[in-house]
Amino acid sequence: MTEGETGEERRGSGPGVGDRLELAVRSLDPHGDGVARTPDGLVVFVEGGLPGDRVEATVTQRAARHARARLERLVERSPQRVAPPCPVVEACGGCPLMALAYPAQLEAKRRTVVDALARIGGLDGAEERVRPTLGMERPWSYRNKALHPVGRDEQGRPVVGFYRRGSHEVVPVSDCAVQHPTNVRLAAAARDAIEALGLPVYDEASGRGWVRHVLARVGEATGEALLVLVTASLEEPRPGVLADMAQRVRERVAELVGMVQNVNPRRTNVVLGPHNRLIWGRDRLYERVAGLTLELSATAFFQVNTRQAEVLYREVRRRVEGFLASRGLPPGQGLLLDLYCGVGGIGLAAADLVERLVGVEEDPRAVADARRNAALNGVDHARFVVGPVEQVLPEEMAKRRAAAGGPVMVVVDPPRKGLDARVVETLARAAPDLVVYVSCNPATMARDLRQLLERTERAGSAYEWGPVQPVDLFPHTAHVEAVTHLVRRGGAR
Ligand SMILES: C[S@@+](CC[C@H](N)C(=O)[O-])C[C@H]1O[C@@H](n2cnc3c(N)ncnc32)[C@H](O)[C@@H]1O
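Nothing here was measured: the structure is a model prediction, and the numbers come from that model. Residue positions are given per chain, counting from 1 as you read along its sequence in written order. Totals for whole chains, interfaces and linings use all residues, but because this is a predicted model, local features are given only for residues with pLDDT of at least 70 and pairs of side-chain atoms are given and counted only at 80 or more. In computing side-chain properties, one takes all heavy atoms of the structure into account and sets aside hydrogens as well as water.

To continue, consider the overall build of the protein. Helix and strand counts for the protein stand at 11 helices and 22 strands. The reference for a compact globule is 2.2 Å times residues^0.38; the radius of gyration itself is calculated from the C-alpha atoms. For the protein, whose C-alpha radius of gyration is 24 Å, the value lies close to the compact-globule estimate of 23 Å for 493 residues. Counting only C-alpha atoms, the protein reaches 70 × 65 × 40 Å along its principal axes. Residue contacts are counted whenever heavy atoms from the two residues lie within 4.5 Å of one another. Here the contacts in the protein between residues at least 6 apart in sequence split such that 65% fall between residues at least 24 apart. In this description a helix means any DSSP run of H or I spanning at least four residues, a strand means any run of E spanning at least two, and both kinds are numbered starting from the N terminus.

If you want it as structure tokens, here you go:
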């Protein structure tokens, strides 16, 4: 029997679906579910269970080596349980850790990183290598971006909110403890305008209707806000209706600097389509982070937590600084490759440390932002390349080999799926002096680090692995960001 199969006949011994168990929850899994064990060692994942709880739970799924269970009753509350301050925490499900005291969340996230490195990466010394998670002083109202589906309530009125946990029913968002207050006001103003102007709401099941999503975005340091309306087609139901909507929203949210229409005609779960049209004002806002001013276009990726993005950027910068110092090199040396660079923040925050900066990113709009951001911050030794890292990297490395001297330093900040196998291969062969890995998924980071260490060793260049620093970019969720680095032994080539 393989893991993941369910069904009484295949389950072997122990509890089955429908059985009620009393369990002590010991830890959290990477999705934020509680992890407990039966006396015979069967692992049971309990949704809503927190470390330190004793619970009664009913088995809902059973596989060979684990089961899932629904929490029925708290027999004993964890001393780390707190009252969540958010009015929609239960229905929304976006913040599964909100009932856990913040210091305990930070420790649970550190544990997630340690476990991934040890179990998935099979890497020794994870416990000693992973530092305490860097958390927020005030872990509330931190999200600078809100993405809301648009639906209808029972009376047929438009609803701008979030999907009810485990369904596609749209629940209105009255307030949200982790969202920036400007975004909450923008969502409410957009809803009222959609209703007042009679804009047809998109229906997922039939593919009919027009307004699909509302995206609200704010510059935390500047206060500037943008509104993006995702529609199923470019053509407006009445000419000028979106300009009317912009006007209505502006009257309620004075921070609004622009409104953009994004067109997504596809019947898919992917929210944003490829085409943007400016309706009013600017299609970009300004944000300040880590001593930089960044221009962010309406739909380009940016870290959702500006205050913690600063912590992350500074951590990467410290790794580059530390590496140069360890080689006895003054700042202003070598090449920094910022792979998966988005709008360029990480590389630009370390640009003064290096002689040349090259950013690589597949989203052309983000690259256009990165180029403007370099100019805006007086960085004239940066170049940005549009394309998939797996295709661009071999060429950039070959160019570097042809050029003279200086260390080669690489930062990778891939999406959740981690590095493409071709990127690992190219890095192993090219053997840069420093690789800083920024990860939003400890599981893929662990896999990639293991492969990088194994392949570089096979290719004859040994690396030392530095400390791992978890950073809490997403308080009250199970997500955790982490930074680590590999440095090539043996000094300059
Ligand atoms: C986690 S974000 C990092 C962004 C940036 N480093 C920052 O801190 O804002 C990952 C970025 O990788 C880009 N991306 C995803 N797959 C890619 C690929 N195969 N090649 C290049 N860029 C990619 C995404 O568009 C996104 O901007």
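The positions UniProt marks with the feature "domain: TRAM" (unreviewed entry) are residues 14-73. Between the end C-alpha atoms of residues 14-73 there is a gap of 21 Å, over a span that is 0% helix and 58% strand. UniProt positions are given in the numbering used here, feature names are shortened, and annotations may be inferred rather than shown by experiment.

To continue, consider helix H5 (residues 241-252). Between its terminal C-alpha atoms H5 stretches 17 Å, which fits the 16 Å expected from 12 residues at 1.5 Å a residue. Classification of residues uses two cut-offs on accessible area relative to the type maximum, computed with a 1.4 Å probe and protein chains only: under 20% is buried, over 50% is exposed, and between them is partly exposed. Where H5 is concerned, the buried positions are Val241, Leu242, Met245, Ala246 and Val249. Buried residues along H5 cover an arc of 145° about the axis, so they all sit on one side. The inward-facing, buried residues of H5 abut helix H4 (181-196), strand S10 (225-231), strand S11 (256-263) and strand S12 (275-281). Expected helix span is computed as 1.5 Å times (number of residues minus one). Within this analysis, the arc is defined by the directions that extend from the helix axis to the C-beta atoms.

With that out of the way, let us pick up the site of the ligand. The near set for a molecule or strand comprises every residue that places at least one heavy atom within 4 Å of it. The local shell around the ligand holds 16 residues, among which Gln303, Tyr340, Glu361, Val389 and Asp413 are the closest. Here a polar contact is recorded for every N or O atom pair within 3.5 Å, except that within protein the pair must consist of a potential hydrogen donor and a potential acceptor, and residues adjacent in sequence are included only if both atoms are side-chain atoms. Within the backbone of valine 389, a nitrogen or oxygen atom sits 2.9 Å from a nitrogen atom of the ligand. Partitioning the shell around the ligand into residue classes produces nine nonpolar, three polar and four charged. Classification used: nonpolar for Ala, Val, Leu, Ile, Met, Phe, Trp, Tyr, Cys and Pro, charged for Asp, Glu, Lys and Arg, polar for all others including Gly.

With that settled, the discussion passes to the environment of aspartate 338. Along the chain, the position of aspartate 338 falls in strand S15 (residues 335-339). C-alpha separation for the pair aspartate 338 and leucine 357, spaced 19 residues apart in sequence, amounts to 7.3 Å. With sequence-adjacent residues up to four places away left out, aspartate 338 is seen in contact with Gly344, Ile346, Gly347, Leu357, Val358, Gly359, Val360 and Val411. At a separation of 2.9 Å, a polar atom in the side chain of aspartate 338 contacts the main-chain amide nitrogen of glycine 347.

Here arginine 314 lies in helix H6 (residues 306-326). Remark: the alpha-carbon pair of arginine 314 and arginine 282, spanning 32 residues in sequence, is separated by 30 Å.

Note: two strands are recorded as paired if DSSP finds a minimum of 2 bridges between them. Taken together, seven strands build an open sheet; the order of strands is S8-S7-S6-S9-S10-S11-S12 and the sheet is mixed. Edge positions in the sheet fall to strand S8 (170-172) and S12, since each of these pairs with one other strand and no more. Between one strand and the next, the sheet's axes are offset by a mean angle of 35°, whatever the strand orientation. With three bridges joining them, strand S7 (residues 158-163) and S8 adopt antiparallel strand pairing. By the bridge assignment, tyrosine 163 is partnered in S8 with valine 170. For helices, the fitted axis covers only the stretch in contact; all axes are lines through C-alpha atoms, and the angles between them, taken along N-to-C directions, range from 0 to 180 degrees. Contacts between H5 and the sheet are confined to S10, S11 and S12, with S11 contributing the most and set at about 145° to the helix.

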